[in-house]
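Coordinate analysis (summary)
Here are the chains, one letter per residue:
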4 protein chains.
Amino acid sequence: MSTPARARRPVVAVCGPRDPSPEVAAAAFTVGGLLIARGARLATGGLGGAMEAASRGARTAAAWVDGDVIGVLPGADASSANPFVDIAVPTGAGLGRNLVLVQMADAVIAIGGGAGTLSEIALAWQLHKRIVVLDLGEGWSSELGARALDGRRTDTLLRATTASEAAALALGR
Amino acid sequence: MSTPARARRPVVAVCGPRDPSPEVAAAAFTVGGLLIARGARLATGGLGGAMEAASRGARTAAAWVDGDVIGVLPGADASSANPFVDIAVPTGAGLGRNLVLVQMADAVIAIGGGAGTLSEIALAWQLHKRIVVLDLGEGWSSELGARALDGRRTDTLLRATTASEAAALALGR
Amino acid sequence: MSTPARARRPVVAVCGPRDPSPEVAAAAFTVGGLLIARGARLATGGLGGAMEAASRGARTAAAWVDGDVIGVLPGADASSANPFVDIAVPTGAGLGRNLVLVQMADAVIAIGGGAGTLSEIALAWQLHKRIVVLDLGEGWSSELGARALDGRRTDTLLRATTASEAAALALGR
Amino acid sequence: MSTPARARRPVVAVCGPRDPSPEVAAAAFTVGGLLIARGARLATGGLGGAMEAASRGARTAAAWVDGDVIGVLPGADASSANPFVDIAVPTGAGLGRNLVLVQMADAVIAIGGGAGTLSEIALAWQLHKRIVVLDLGEGWSSELGARALDGRRTDTLLRATTASEAAALALGR
């Protein structure tokens, strides 16, 4: 009487700044496309900068279908989403949206990033999520490297140096 | 270089109880399927009962594609979603998840329902969302009927008596 | 080495509209004062109208001490609190602040009220809080009366017709 | 007809781990007492460890009055608060309670700390709060020191090495 239940596709959150350098934006674009190509959905904070670059990249993947790009917004209505977001989730929670973003992800990729990205990494660590930090020589994702944030986990942040490596580490393959 | 931005598909939230009567469950199932058939996505609270019935119904629509059924969960991880949810949004906000559910919807359909559904109707009213109450002779969606909840809006709740009418009113066509 | 732990004083949430009638405002003012006089703290949504009237009333009680009036705000900073709030809790959650307000209360008193107050009553019901509806002939607190919202509880809303009765019912004495 | 509105007393949030070293717990205890002695209220995450130590310390101050110690809890009911909390704010937001805690504070003092404290520092930075990191040779408050987290602010974290210095820096005097 209905389609049999199947495993939900993995969701990877890509976190990065609203005012990225060209290198960070390009990496976010590439990562977004690779994640879709490898069968994942993309979730971002839904606004501009690295979030928009990743979303735009996801739309370029041949495998992309409408619904693959999710934007988890700080505001209470969908109008602030960048135009490449397929599904807008307006949390109305302000900075609290980062928590929803991380909670819905199976893995998190941080690229560059300031205090916002740092808080997302710290939240993801507490939630025992797989975390990839893409080291392009700038921001917290570069500064932290392959370290543990505290003693609650025996693993570390996963350091990547290319977009391709970041996507592979996030998906564990 | 990327797929041109398009309008996002409308999202309709279906709200109803975890312990529905057979009539409410059947209506939720039918509404879920009709919404997908008419081009909308479905969002629910992601758990069992009327939420699961609507999600299961959506999966039966010929037009369904993976990503059309969204579950906005009260808990902080995706594992509590019913098996017909394509995309789980674990808010970790408890009853606050109802606010995210309503905010992400272009329209809300309430079927039967107790205090949880009543709070969703009251939130949707404050957010100036289109609200359809399906009157099957039980719960708040039947008791409220085509009335205004207060003076802030000049319109009223939209009363439907069949699943088909509810879907049509929600989509404004 | 420290003050022995004591029972926390009860907290009563007073819910009502931002644009109250003179009767509703006067009742909120009186209720606020009575709650403090009887040993409770007052919590409101922290803004104007009935929220401000209740807070102002609390400040008039001879028993008032700084800290007795709490304002749980929708915004992310304290500046929107009315001037009679002693402790501002800026939730940044928009309408989600109503959930925090109700969660922190041992009892809820609704006075008059539109859809916002209705959502607070519905949330408080789900959280199994003691709920007093002050019937002054207007708003949802008058319309609902001494009824149950659904079958999950065996008790009902507690109907009061005077401020004094509302305070007494809220405190169970 | 009512007490004239006065400036609200400053609120200082003290952030630290649930499993503190004796040195961190002692510093939290001392900081809690000093903040009350100097006219501030104390807010913490309301649970055990450094949060409880700070709350207990606040209760020892001669200036303490009931209402000075606020616990902003992750859960939805007040029962998880440590016994030295005067006012419990059960957010029901899980890790999202850290955001409410920081938003309600005029200044934040971090002591020791793992990923939870790190996320609070990163949130407070984004919210342009005054942030004191007490360097006792352990945790993120020691590792970060007097640095900027990103380029959005021209100031830095304020490094203290004693509880007394931390309280003074938090209060700007």
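Thresholds, definitions, all that
- Residues numbered from 1 in each chain as written.
- Chains lettered and ligands numbered in written order.
- Predicted model: local features only at pLDDT ≥ 70, side-chain atom pairs only at ≥ 80, totals over all residues.
- Heavy atoms only, no water.
- Helix = DSSP H or I, 4+ residues; strand = E, 2+ residues; numbered from the N terminus.
- Rg over C-alpha atoms; globule rule 2.2 N^0.38 Å.
- Buried < 20%, exposed > 50% of the residue type's maximum accessible area, 1.4 Å probe, protein only.
- Contact = heavy atoms within 4.5 Å.
- Areas by Shrake-Rupley, 256 points an atom, 1.4 Å probe, with all protein chains shown as cover.
- Lys, Arg positive; Asp, Glu negative; His and termini not counted.
- Charge placed at Lys NZ, Arg CZ, Asp CG, Glu CD.
- Pairing = 2+ DSSP bridges.
- Axes fitted to C-alpha atoms, helices over the stretch in contact; angles between N-to-C directions.
- Least-squares fit on C-alpha atoms with pLDDT ≥ 70 in both.
- Phe/Tyr/Trp six-rings, centres within 6.5 Å; stacked < 30°, edge-to-face > 60°.
- Lys NZ or Arg CZ within 6 Å of the ring centre and 35° of its normal.
- Salt bridge = Lys/Arg side-chain N within 4 Å of Asp/Glu carboxyl O.
- Polar contact = N/O pair within 3.5 Å; in protein donor to acceptor, adjacent residues only side chain to side chain.
- Nonpolar A, V, L, I, M, F, W, Y, C, P; charged D, E, K, R; others polar.
- pLDDT = per-residue confidence, 0-100.
- Core = buried A, V, L, I, M, F, W, Y, C linked by side-chain atoms within 4.5 Å.
- Parallel < 35°, antiparallel > 145°, perpendicular 65-115°, else oblique.
- Left-handed = near helix turned anticlockwise from the far one by under 90°.

1. Some words on the overall build of chain A
- Helix and strand counts for chain A come out as six helices and seven strands.
- The linear arrangement of helices and strands in chain A, starting from the amino end, is β-α-β-α-β-β-α-β-α-β-α-β-α.
- Relative to the globule expectation of 16 Å for 173 residues, the C-alpha radius of gyration of chain A, 15 Å, shows essentially globular dimensions.
- In terms of overall dimensions, chain A has a C-alpha envelope of 50 × 35 × 30 Å along the principal axes.
- Expressed as a percentage of its 173 residues, the buried residues of chain A come to 61%.
- Put simply, 66% of the contacts in chain A that link residues at least 6 apart link residues at least 24 apart.
- Of the roughly 5,500 Å² that chain A leaves accessible, carbon and sulfur atoms contribute 54%.
- Side chains of chain A carry 16 positive and 15 negative charges; the gap between the two charge centres is 8 Å.

2. Describing the sheet that holds strand β7 (residues 158–160) of chain A
Residues and elements named next belong to chain A.
- The sheet built from seven strands is open, its strands ordered β4-β3-β2-β1-β5-β6-β7 with parallel pairing. Of all strands in the sheet, those with a lone pairing partner are β4 (87–90) and β7, marking the two edges. The mean angle between the axes of side-by-side strands here comes to 25°, regardless of whether they run parallel or antiparallel.
- For strand β1 (residues 11–15) and strand β5 (residues 107–111), the ladder comprises four bridges, and the chain directions are parallel. Looking across to β5, one finds that Val14 is bridged to Ile109.
- Helix α1 (residues 22–37) rests against β1, β2 (41–44), β5 and β6 (130–134) of the sheet, and its axis sits at about 160° to β5.
- Strands in contact with helix α6 (residues 163–171) are β1, β5, β6 and β7; relative to β6, the strand with the most contacts, it is inclined by about 175°.

3. Comments concerning the environment of B:Leu149
- Take B:Leu149: it is sitting in the loop between α5 (140–144) and β7 (158–160).
- A sequence separation of 27 residues divides B:Leu149 from B:Ala122, and the C-alpha atoms of the two residues are 7.5 Å apart.
- Not counting residues up to four positions away in its chain, the partners in contact with B:Leu149 are B:Ile121, B:Ala122, B:Trp125, B:Leu144, B:Leu157, C:Ala115, C:Leu118 and C:Trp140.

4. Things to note about the relation of the copies chain B and chain A
- Laying chain B over chain A is done by rotating through 180° and shifting 0.0 Å along the axis; what remains is an RMSD of 0.0 Å. Both copies of the chain, as the preceding transformation shows, are related through a two-fold rotation axis. Residue B:Gly67, judged by its C-alpha, is the member of chain B lying nearest the rotation axis, at 2.6 Å.
- Comparing interface residues between copies, 100% of those in chain B also sit at the interface in chain A, which points to an isologous, same-surface contact.

5. A word on the packing of aromatic side chains
- Evaluation of the coordinates by the stated rule reveals zero aromatic pairs over all chains.
- Positioned over the ring face of A:Trp125 is A:Arg153, at 4.2 Å from the centre of the ring.

6. What to know about the interface of chain B and chain A
- Listed as interface residues are 34 residues of chain B and, on the opposing side, 34 residues of chain A.
- Taken together, the links from chain B to chain A amount to two salt bridges.
- Viewed at the interface, chain A and chain B are joined by four residue pairs in polar contact (both at pLDDT 80 or more).
- Top contributing element to the side of chain B that touches chain A by residue count: strand β4 (residues 87–90) of chain B, with four residues.
- Per-class residue counts for the side of chain B that touches chain A are 18 nonpolar, eight polar and eight charged.

7. Some words on the pattern of salt bridges
All names here are of chain D.
- The final tally for this structure, using the stated rule, is 32 salt bridges over all chains.
- Linking Arg59 and Asp86 is a salt bridge whose minimum nitrogen-to-oxygen distance equals 2.8 Å. Note that Arg59 is positioned in helix α2 (residues 50–60) and Asp86 in the loop between β3 (69–73) and β4 (87–90), a separation of 27 residues in sequence.
- Close ionic contact of Asp155 with Arg153 constitutes a salt bridge, the shortest N to O distance being 2.9 Å.

8. Focus on the sheet that holds strand β2 (residues 41–44) of chain B
All names here are of chain B.
- Read across the open sheet, the seven strands follow the order β4-β3-β2-β1-β5-β6-β7; overall the sheet is parallel. Single-partner strands in this sheet number two, and they are β4 and β7. On average, adjacent strands in this sheet sit at an angle of 25° to one another, irrespective of strand direction.
- As judged from the three bridges shared by strand β1 (residues 11–15) and β2, these two strands associate in the parallel manner. What sits directly across from Val12, in β2, is Leu42.
- Contacts from helix α1 (residues 22–37) reach β1, β2, β5 (107–111) and β6 (130–134) within the one sheet, and its direction differs from that of β5 by about 160°.
- Strands β1, β2 and β3 (69–73) of the sheet are contacted by helix α2 (residues 50–60), whose axis makes an angle of about 165° with β2.

9. Structural notes on the confidence of the model for chain A
- Per-chain confidence: chain A averages 95 in pLDDT, with 97% of residues scoring 70 or above.
- Both scores are given for the predicted complex: the pTM is 0.95, the ipTM 0.94.

10. Points about the nonpolar core
- Ranked by size, the top nonpolar core spans 108 residues in total, and within it A:Leu149, B:Leu149, C:Leu149 and D:Leu149 carry the most contacts.
- Beyond its immediate sequence surroundings of up to four residues, C:Leu149 is in contact with B:Ala115, B:Leu118, B:Trp140, C:Ile121, C:Ala122, C:Trp125, C:Leu144 and C:Leu157.
- Ranked by size, the runner-up nonpolar core spans 30 residues in total, among them B:Ala28, B:Ala50, B:Ala166 and B:Ala167.

11. Things to note about the pairing of strand β4 (residues 87–90) of chain C
All names here are of chain C.
- Because side chains alternate across β4, one face comprises the buried residues Ile87 and Val89, and the other comprises Ala88 and Pro90, equally buried.
- As defined by bridge partners, strand β3 (residues 69–73) adjoins β4 across four bridges and the pair is classed as parallel. Bridge pairing in β4 places Leu73 opposite Pro90.

12. Brief notes about helix α2 (residues 50–60) of chain C
- Summarising burial for α2(C): eight of the eleven residues are buried, a large majority.
- Buried-residue contacts for α2(C) involve β1 (11–15), α1 (22–37), β2 (41–44), β3 and α3 (97–103) of chain C.

13. Section: the packing of α1(B) against helix α6 (residues 163–171) of chain B
Residue and element names in this part refer to chain B.
- Between α1 and α6, the least distance of the axes is 9 Å, while the angle of their chain directions is 45°. Of the possible angle classes, the one that applies to α1 and α6 is oblique. In terms of crossing hand, the pair formed by α1 and α6 is right-handed. Taken together, the residues of α6 that come into contact with α1 (itself represented by Ala27, Thr30, Val31, Leu34 and Leu35) are Ala163, Ser164, Ala166, Ala167 and Leu171.
- Residue composition of the contact of α1 with α6, grouped by class: eight nonpolar, two polar and no charged.

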